[in-house]
Amino acid sequence: MKDFSLYYCDCRLEEAEVVELLKLVWDELYELEFDAVFGTWRGAHFEPETDTVHITWENMYSAPFMTSIHRVTRVIRNDYPRDEFLQLEQAEIERLRSLPPKGRR
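Residues numbered from 1 in each chain as written. Predicted model: local features only at pLDDT ≥ 70, side-chain atom pairs only at ≥ 80, totals over all residues. Heavy atoms only, no water.

I keep staring at the sheet that holds strand 5 (residues 76–79) and nothing clicks. Help me out?
Two strands in a sheet stick together by hydrogen bonds in their backbones, pointing the same way (parallel) or opposite ways (antiparallel). Pairing is mixed in the open sheet, where 5 strands are placed in the order 1-2-3-4-5. The open sheet terminates on both sides in strands that have one partner only, identified here as strand 1 (8–9) and strand 5. Against the sheet, helix 2 (residues 83–98) touches strand 1, strand 2 (39–47), strand 3 (52–59) and strand 4 (65–70), its axis set at about 120 degrees to strand 2. (Pairing = 2+ DSSP bridges. Helix = DSSP H or I, 4+ residues; strand = E, 2+ residues; numbered from the N terminus. Contact = heavy atoms within 4.5 Å. Axes fitted to C-alpha atoms, helices over the stretch in contact; angles between N-to-C directions.)

Structure below.
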């Protein structure tokens, strides 16, 4: 089963669009032969200047990975995530960890 949970999601993005883009990235990762069983989604970031959504993902074998998708053309570009994206995600991870167990999610 595909898990589309994210640590961080830009509030300017609608959930349905994020899920659609995550499915595209899932297919891209499969084509690149990443082992999704040992990976996790980190975040979805919106860059309005280029109308691009950046989705970050990590696995236990390598550094975090980023797939960028143009919202109109659906052109996909793979890269490593920017430090600012990783910092936003890490802040959210730390916030979630600091909550009492019943307050998570």
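Please clarify how helix 1 (residues 15–31) should be interpreted in this entry.
Three or four residues apart is the spacing at which side chains of an α-helix point the same way, because the helix has 3.6 residues per turn. Taking 1.5 Å per residue as the helical rise, helix 1 with its 17 residues ought to reach 24 Å, and the 24 Å between its terminal C-alpha atoms agrees with that figure. Of all the residues in helix 1, the buried ones are Glu17, Val18, Leu21, Leu22, Val25 and Leu29. Taken end-on, helix 1 shows its buried residues confined to a sector of 135 degrees, consistent with a single buried face. Of the exposed residues in helix 1, those oriented more than 90 degrees away from the buried face are Ala16, Tyr30 and Glu31. Where helix 1 is buried, its residues meet strand 1, strand 2, strand 3 and strand 4. (Expected span 1.5 Å × (residues − 1). Buried < 20%, exposed > 50% of the residue type's maximum accessible area, 1.4 Å probe, protein only. Arc of directions from axis to C-beta.)

Help me understand the packing of aromatic side chains in this model?
The geometry of an aromatic ring pair comes down to the distance between the two centres and the angle between the two planes. Under the defined criterion, the tally for this structure stands at 3 aromatic pairs. Relative to Trp41, the ring of Phe4 lies with its centre 6.5 Å away and its plane at 35 degrees, an arrangement referred to as tilted. Separated by 37 residues along the polypeptide, Phe4 in the segment before strand 1 and Trp41 in strand 2 bring together distant segments of the chain. With relative accessibility at 22%, the residue Phe4 sits in the partly exposed group. Overall, the relative accessible area of 3% leaves Trp41 in the buried class. Ring centres 6.4 Å apart and planes at 90 degrees place the aromatic pair Phe65 and Tyr80 in the edge-to-face group. (Phe/Tyr/Trp six-rings, centres within 6.5 Å; stacked < 30°, edge-to-face > 60°.)

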